[in-house]
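# Fold and geometry: a report
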Amino acid sequence: GRHWESRSPAMGSGASTTGGALPWPAGYRVAVYPGATLPEGFQIGAPVAGSEKGVGFWRLGGPGKARLRVLEDPNGLVELKESFTVGVCFRAGAGSTAGWDSILLGHDNKHWLAMPGDDKTKLCCLNVDKSNELSADFLQGWVQVFLRPIEGGTSVLAVDAEGLLDLGTFPTSLVGSKLRSAGWAGNELDVAGIAVWDRSLSWGELQKALSPPAPAPPDVERQLPKILGQVTDLKGNPLGNVSIKWKATGCLSDEDGQFQLEDDETDVPETASQASGSSSWSCLSFECEGFAPTMVRASSSDQSVNVVLRPLSASAVFDGSAGGCVEDPVTGSSVTVPSNASSYADGRAVTGPVTVSLSVIDVTDPKSLASMPGDFSAIGADGAEVMLESLGAAWINATDEKGEELEVREDSEVILDLHTEAKANAEKLGATPEMWSFDTASGKWKLEAADMEIDGVPAENSMRRTAREVAIKEAVPVTRRPRKSKKRVKKGMDEGLDFDPEKVSASWITPEQFMKILAKEGEKSLAAPVKKLGYWNVDMAYSSPNKAVLLQGTVVDANKKAMPDVQIWAVGKDYYGQSPDKTAADGRFSALMVQFDSTVDVQVQYQTPAETDKKMDVFYVGGKLPEHEASMGKALRNVPGRYIKSETEMKWTKGSASIEWDEKRRRWNHSVADRVLFCLPCDEAIEAVETTPAAEGWRATSQTNLPAPCYRRSQLVTTETFGPFSTGPPGNFVDIGELCARRA
């Protein structure tokens, strides 16, 4: 048999015909409908067909007692074998006489399909005088019903406005029965077509043939920025309830530390490079009680980030008018607040208790180094962008007894003393450490003038060129805490010093001496008075082309396919610093700035599906909702987002929206406030566990005519490390080749 190709909306309920043709699967043994060409030898008797809105049909039963009869079937085309499917398209007509209206009748007086004349919300199979009823309250207008054999009876499928529906099972076998007639009914019955297949059509075959075309997806003019990631502590434990803010949007991390953000207000260009410092990058902030806040820089395209929060190292409460000191018991680093050094933002003095908190970044610990805010980019003295190598950093914060944020009084300062085991090859860079503050507006570090000391002795750097001209008696010593070094102080040297200050001209450390001290092993004290709170960093700057190399390469997946929009990080192996870049559409990166004559690892961060479907993300590609009527706005806005799976049933929820299995339709339903908007038809799946809603194929239901969103398991951020790589002489472009990620 050929496929019935013609379609018309007149049939409704998924049954579309013109002139009797139906969109049923091909391969039937015989199809009977007005105007059909019947197989050789097969003959029927039927009244004159009618037509209504392009639908051809026979009006049977009722006062006219018309029947459609099978007169000749020499080849047994309508005899039901062990495997079969019977399809019929009919419509209940006038009349409400009690009794059974037979739709299809077998030669053995089995009514394959019938319905009560006075209750047209049921279907039944009548075997002589025994009936089996199934509820079918949609029996209005044209209806399609399919019968298939199953163990112990006959499966009944139907098509309503929502598509294919499993009505249940008749406990009567039709195997061996031959179709004798249609329309043996006391009430009128219109029949548009009957077909018999010699196989049991699968649910998927029927669903595919009967479903209307899905609406075309909306045109996507641009990708809206989306950020996905995870927040952990220094031990790698996930942190939940972290407050995350980005531009005008925000969220909280879940119990697994995972989060995702999407912003539809951006108008930044898509072509800006990460290394250029373009405005296409903005700040993403993270705050959690008991931890120091941090910030990362986010791009205008998809980005994957792993964020590390660092716990507070120490806190102390003291009288603001008296001042005090907070010391990290692990590193010995401290912050000293002089008397009356704190004030409110409007300049008012603080008279009550002050809580001062300190969180120290130990750059020799890779996890702690990864908690550094920003991306190690900074703005130098001449306004040029540079990258930083860190020797140590800290976050300082002060609040009053009500939790209101405090500042350093305009004419005062606090003393930060960082104790660090880090060493650095400052001579290679030709630079001495400087004090840098973190600018939360730009997400970059800013060079600050500060009188630094190393191990208690003033040190000269680029921001303190007049150091040699300052007399010892005029110098105001920096108040610092004694170090808790486990190493013995050399004989003849002051406590905490690795050199004899008497041998240094005017008790100043020259830049050359500063560099030599930094190259030594052991603990060092780097102290300076600072005029504001927040993040401070002791760093040396380097930039391209004189002090840096630009790494190039390509990131591909396990199938050698280019991976675009992948976050790249270079991590120094012989210096404490990192630098970022991103891959382009072809998987290439070309602006990964690193120190020259160094060794680095390259980390690749990308998204991979979670191993389980505990969480599911629903989204529209591009981030924009499709055009819709105003009445659909509220429901549609509730569709995108992350859905959490129930622990007791196959159901995912997000507020008033839910995704759950519909057993009768063998599909997943996506509802908002009990209104089914989208569905995922499945094949011959019997149980929900045999399938997953995180798949392609979602489509609109009859309650909406909108393109369906995308559904997928939640994504995790995976980090792969490649290397080590040698960087070579300054000013070069070094191609490190192809980085093949494990992602398939």
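Going along each chain's sequence as written, the residues are numbered from 1 onward. Note on the predicted model: pLDDT of at least 70 is required for a residue's local features to be given, and 80 or more for side-chain atom pairs to be given and counted; whole-chain, interface and lining totals, by contrast, use all residues. Only hydrogens and water are set aside when side-chain values are computed; all heavy atoms of the structure are taken into account.

## A short note on the overall build of the chain
For the purposes of this entry, the term helix denotes a DSSP run of H or I that reaches at least four residues, the term strand denotes a run of E that reaches at least two, and both are numbered from the N terminus. From N to C terminus, the chain includes 5 helices and 54 strands. Per-residue accessibility, obtained with a 1.4 Å probe over protein chains only, is compared with the maximum for each type, and a residue is labelled buried under 20%, exposed over 50%, and partly exposed between these values. Sorting the 744 residues of the chain into buried and exposed places 53% on the buried side. We call two residues contacting when some pair of their heavy atoms lies within 4.5 Å. Contacts in the chain between residues at least 24 apart in sequence constitute 67% of all its contacts with a sequence separation of at least 6. Only the protein chains shown count as cover for residues, with accessible areas throughout obtained via the Shrake-Rupley method and a probe of 1.4 Å. Summing over all exposed atoms, the chain offers an accessible surface of approximately 32,600 Å²; the carbon and sulfur share of this is 48%.

## Looking at the pattern of salt bridges
For this document, the term salt bridge refers to a Lys or Arg side-chain nitrogen within 4 Å of an Asp or Glu carboxyl oxygen. The full count for this structure, using the stated rule, is 28 salt bridges. A salt bridge links lysine 531 to glutamate 413, with the shortest nitrogen-to-oxygen separation between them at 3.5 Å. In this pair, lysine 531 is assigned in the loop between strand E38 (524-530) and strand E39 (534-542) and glutamate 413 in the loop between strand E32 (407-408) and strand E33 (414-420), connecting sequence segments 118 residues apart. A residue is classified by how much of its surface remains accessible, and glutamate 413, at 28% relative accessible area, is partly exposed. Its salt-bridge partner being glutamate 720, residue arginine 742 comes within 3.4 Å of it at the nearest N-O pair. Of the two residues, arginine 742 is situated in the segment after strand E54 (733-740) and glutamate 720 in strand E53 (residues 715-726); the sequence distance between them amounts to 22 residues. The class of arginine 742 is exposed, set by a relative accessible area of 62%. Several salt bridges share partner residues, and in doing so they unite Glu52, Arg59, Arg91, Glu188 and Asp190 into one network.

## Comments concerning helix H1 (residues 203-210)
Burial of H1 is extensive: 6 of the 8 residues sit out of reach of the surface. Within H1 the residues assigned to the buried category are Trp203, Gly204, Leu206, Gln207, Ala209 and Leu210.

## Examining helix H4 (residues 511-518)
Turning to H4, its buried residues number three or more, namely Pro511, Phe514, Met515, Ile517 and Leu518. Around the axis of H4, the buried residues are gathered within 165° of arc, so they sit on the same side. Next to the buried residues of H4 lie strand E31 (385-400), helix H3 (426-429), strand E36 (453-454), E38 and E39. Note that the arc is computed from the directions linking the helix axis to the C-beta atoms.

## Focus: empty space enclosed by the protein
For cavity detection a 1 Å grid was placed over the protein atoms alone, and a set of points counts as a cavity when a 1.4 Å probe fits there but cannot get out; an open set counts as a pocket when protein lies on both sides within 12 Å along at least five of seven lines, with lining residues being those that have an atom within 4 Å of a point. Grid points are joined across faces, edges and corners, and a volume is the space filled by probe spheres set on the points. What the rule picks out here adds up to 2 cavities of 30 Å³ or more. In this model, the second largest cavity occupies a volume close to 40 Å³. Lining the second largest cavity, in full, are Val337, Ser342, Val356, Ala398, Glu407, Val408, Val414 and Leu533. Polar here means any residue other than Ala, Val, Leu, Ile, Met, Phe, Trp, Tyr, Cys and Pro, which are nonpolar, and Asp, Glu, Lys and Arg, which are charged; Gly is therefore polar. For the lining of the second largest cavity, the per-class residue count stands at 6 nonpolar, 1 polar and 1 charged.

## Some details on the sheet that holds strand E51 (residues 699-700)
With respect to topology, 8 strands assemble into an open sheet ordered E51-E50-E49-E48-E47-E46-E45-E52, the strand pairing being antiparallel. Edge positions in the sheet fall to E51 and strand E52 (710-713), since each of these pairs with one other strand and no more. In this scheme, strands are said to pair when DSSP sees at least two bridges between them. Pairing geometry for strand E47 (residues 651-654) and strand E48 (residues 657-662), over 4 bridges, is antiparallel. Pairing of tryptophan 652 across the sheet is with isoleucine 659, part of E48.

## A short note on the pairing of strand E16 (residues 226-232)
In terms of residue burial, E16 counts as a mostly covered element, since 6 of its 7 residues are buried. Direction of pairing for E16 relative to strand E19 (residues 258-262): antiparallel, over a ladder of 5 bridges. Its bridge partner being in E19, lysine 226 is matched across the sheet by glutamate 262. With 6 bridges joining them, E16 and strand E23 (residues 303-308) adopt parallel strand pairing. Opposite threonine 232, over in E23, you have valine 308 as the bridge partner.

## A look at the environment of leucine 134
Residue position: leucine 134 is located in strand E10 (residues 130-135). Residue classification places leucine 134 among the buried positions, given a relative accessible area of 11%. The spacing of leucine 134 and phenylalanine 170 is 36 residues in sequence and 8.0 Å in space, taken between C-alpha atoms. The contacts of leucine 134, once residues within four sequence positions are left out, are Thr121, Lys122, Leu123, Val156, Leu167, Gly168, Thr169 and Phe170.

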